[in-house]
Amino acid sequence: MAEITKEELRQPENLIYKKTDLLTDKALSYCPGCGHGTAHRIVMEVLDEMGIQDQTIGIAPVGCSVLAYEFMNIDMQQAAHGRAPAVATAVKRLYPEKFVFTYQGDGDLAAIGTAETIHACNRGENIVIIFINNGIYGMTGGQMAPTTLPGMKSSTSPYGRDVATMGNPLKITELIAQLPGTIYVTRQAVHTPANVRKTKKAVRKAFENQKLNKGLSFVEIVSNCNSGWKMTPRQSNEWMVDNMFPFYPLGDIKVND
Amino acid sequence: MKGNEAFAEAAIRAGADGYFGYPITPQSEVMEYLMAEKPHERTGMIVLQAESEIAAINMVYGGAACGKRVLTSSSSPGVSLKQEGISYIAGAELPCVILNVARGGPGLGTIQPAQSDYFQSTKGGGHGDYKMLVLAPSSVQEMADFAGLGFELAFKYRNPVLILSDGAIGQMMEKVELDEQRPRFTDEEIKNNTPWATTGKTKDRERNIITSLDLDSYKQELHNLDLQAKYREMEKNETRYEAISCDDAEYLIVAYGTSARLSQKAVDLLRAEGIKVGLLRPITLFPFPTAVIAKLADQVKGILTVEMSAGQMIEDVRLAVGCRVKVEHFGRMGGIIPSPTEIVDAMHKKIIGG
Amino acid sequence: MAKVKGDIVIDIEKCKGCEVCIPACPNDVIALSKNVNGKGYNYAETINDECIGCANCAIVCPDGVITVYRKRME
């Protein structure tokens, strides 16, 4: 077998993977190991592969991903906390031929923005909602979120979430799947190569649905928050598999083709 | 036409692209008229009944960020709900028109007309240092005229324009002359006139970002300074008022909107008594006609402000006047409209004889 | 026998040393360096020549710092 030097290997014709140009060169502001970065990249890769950068308007939330517009090289609007689905509704109604998506965390989508989420889904707005669920308020320092698991510790549930006094975690994705306006509702993850590939397929399907004017596609990504969970990134991914996935099982919840 | 309907029709004719609202008395006729009129068939304008006033104002944010002519309408409690969104719109410097057909408060208050939202309208309302350009119609004709003027000013300054009306003018029927249909913006016009709008990043430009956030304090201060400079520019160029019988006036009434209509009658009654009274009607509440009031303060012996509130605009009148002449307030609250004879009595008791 | 030869290039200044790439690699090519980058993170580095260019590391990297090359060797 012929030997090959690194220089010979690192040639454009041998390139098989590099970060998409639809991500800016700015270093991501997320903590080491945070799934947000992977989720950003998946969405941008899909837009890149579909060739729709010039037709896409993204809506950033309030939360860790408030600065998504710093990293996504597309036209973006930053919405008030929880209001991204309302903002996206207007953008899509006024530009029905363009692609519109929101990118929201669990506090934004499932607490303060519950009404906007439910009603945009129920109206069947022809948009894509990307929902990052890590069961905690990351940006404000690890407080309890609507999706925090029973018994799970956070800075505002320091002895663990007591369901009797703090209420139940909200499975908003299952709720949304009940609404006639949604066409595709799925729950994925991004902690392993296989999961990344599945998530990318789901995101692609969501945008293809929008292209075909099918209705609202909702992609939940169960993710980690090692800072908020007070773990190393690898530990947090393991904890997510052991604790989050049983409560928030992965897979398609609704597929209307 | 009713004031609310005239506003709705004028909005269609002004080339509006989208209306987003939520029902509340006494302004529900705006959306009712729009829905019945099917503007989508006339001009392509969309009308959407949102799940809340909060959603409606954020829809306005999204539409305005796309360079479209968008508007919403509500009444006092609903406008309170919109304040967060308005602050974001002002912070992100987006053009839009917001109509407040005001009613009495606080709280759920009453569905009857009031002018107790003056502070909310002119002093901020939401969080942060911002100003809306505030137009105060006193007739159905102005309800119609200000829809078009509102869009013009909103786009000129990239700023929200509030039309502060009240339940009396919204519900009142008068003859009105409407402008001809103006075309909606074309995609080309949006690209040229609002190059900052989010319409999809094309290869020939950097991406457009609409946000009010800047975590760098120095940049955020610069942004605030820019906003303040813009508001000073509005003060310089856009102050509007109507001076009625002010030339020889020895006493002055300052009133806007419905109060101005009643005060005009009071001026006639007082002049019939031989008392030379003038009426200064601010048409813009921000920018406030401070300079003309300051000038009139050198001419008159006393000033009465008439408001359907506990006295809010009076603070701006007093700031304009300083301590040169007496400035007193007369008003009714809770949805009661003062009568011209009550205003005449107040003028006698508080200013002339006081 | 045909063999696939791969290589990765890690942008060490953008690497945050989260180690998510390490269990994703089927050939244990990646480990954390003892050295730190400009931000103070121990960064990921290759420790052997077993890379097959599967790109698993690159697609799980949250910061998108890994570029992958692959060539079929005859």
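So, a few notes on the structure that sits alongside this text. Here the residue numbers are simple positions, counted from 1 along each chain's written sequence. Here the convention is simple: chains get letters from A, ligands get numbers from 1, in the order in which they are written. Where local features are concerned, this predicted model is filtered to residues with pLDDT of at least 70; where side-chain atom pairs are given and counted, the filter is 80 or more; whole-chain, interface and lining totals use all residues. To get the side-chain values, all heavy atoms of the structure are used, and hydrogens and water are removed first.

1. Observations regarding the sheet that holds strand β9 (residues 251-254) of chain B
Residues and elements named next belong to chain B.
Next, step 1: Criterion used throughout: strands pair if DSSP finds at least two bridges between them. Strands here are runs of E lasting at least two residues and helices are runs of H or I lasting at least four, both read from the DSSP assignment and numbered beginning at the N terminus. If you trace the five strands from one edge of the open sheet to the other, you get β8-β10-β9-β12-β13, paired in mixed fashion. The two strands at the open ends of the sheet, each matched to only one other strand, are β8 (241-244) and β13 (326-331). In this sheet, neighbouring strand axes are inclined to one another by 20 degrees on average, regardless of whether the strands run parallel or antiparallel.
Next, step 2: The pairing of β9 with strand β10 (residues 277-282) spans four bridges and is parallel. Each axis is a line fitted through C-alpha atoms, taken for helices only over the stretch in contact, and angles between the N-to-C directions span 0 to 180 degrees.

2. Observations concerning the environment of Val-62 of chain A
Next, step 1: Inspection of the secondary structure puts Val-62 of chain A in the loop between β2 (56-60) and α3 (68-71).
Next, step 2: Here a residue-residue contact requires only that any non-hydrogen atoms of the pair lie within 4.5 Å. If we skip the residues at most four places from it in the chain, Val-62 of chain A touches Gln-78, Ala-79, Ala-80, His-81, Asp-108 and Met-139 of chain A together with Tyr-88 of chain B.

3. Here we look at the interface of chain B and chain A
As a measure of interface size, the accessible area lost when the parts come together is often cited.
Next, step 1: With 37 residues of chain B at the contact, the number on the chain A side is 36 residues.
Next, step 2: Take the accessible area each of two parts loses on contact, using a 1.4 Å probe, and add the two losses: that sum is the buried area. Interface of chain B and chain A: buried area, both sides summed, is about 2,800 Å²; carbon and sulfur atoms make up 58% of it.
Next, step 3: Three residues stand out in chain B for area buried against chain A, namely Glu-51, Lys-201 and Arg-207 of chain B, and they jointly supply 22% of the buried area on that side.
Next, step 4: Salt bridges are counted wherever a side-chain nitrogen of Lys or Arg sits within 4 Å of a carboxyl oxygen of Asp or Glu. Along the contact surface separating chain B from chain A lie three salt bridges.
Next, step 5: Glu-51 of chain B is the salt-bridge partner of Arg-123 of chain A, the closest N and O atoms lying 2.8 Å from each other.
Next, step 6: Side-chain atoms alone can form a polar contact between residues adjacent in sequence; in general such a contact is a pair of N or O atoms within 3.5 Å, and within protein one must be able to donate a hydrogen while the other accepts it. Across the contact surface, chain B and chain A share 18 residue pairs in polar contact (both at pLDDT 80 or more).
Next, step 7: Residue assignment for the side of chain B that touches chain A shows that the elements contributing at least two residues are β1 (18-21), β2 (46-49), α4 (53-64), α6 (83-91), α10 (187-193) and β7 (209-210) of chain B.
Next, step 8: For the side of chain B that touches chain A, the element with the highest residue contribution is α4 of chain B, accounting for seven residues.

4. Here we look at the sheet that holds strand β3 (residues 75-78) of chain A
The strands that make up a sheet pair up through hydrogen bonds in the backbone, lying either parallel or antiparallel.
Next, step 1: Overall, mixed pairing links the eight strands, which are arranged β10(A)-β8(A)-β9(A)-β5(A)-β4(A)-β2(A)-β3(A)-β7(B) in an open sheet. Across the chains shown, the open sheet's two edge strands, defined by having one partner strand only, are β10 (251-255) of chain A together with β7 of chain B.
Next, step 2: Sheet topology places β3 of chain A next to β7 of chain B; two bridges connect them, and they run parallel. From the neighbouring strand, Met-76 of chain A faces β7 of chain B, where its bridge partner is Ile-209 of chain B.
Next, step 3: Taken strand by strand, helix α9 (residues 193-211) of chain A contacts β4 (99-105), β5 (128-133), β8 (182-189), β9 (216-222) and β10 of chain A, and its axis lies near 165 degrees from that of β8 of chain A.

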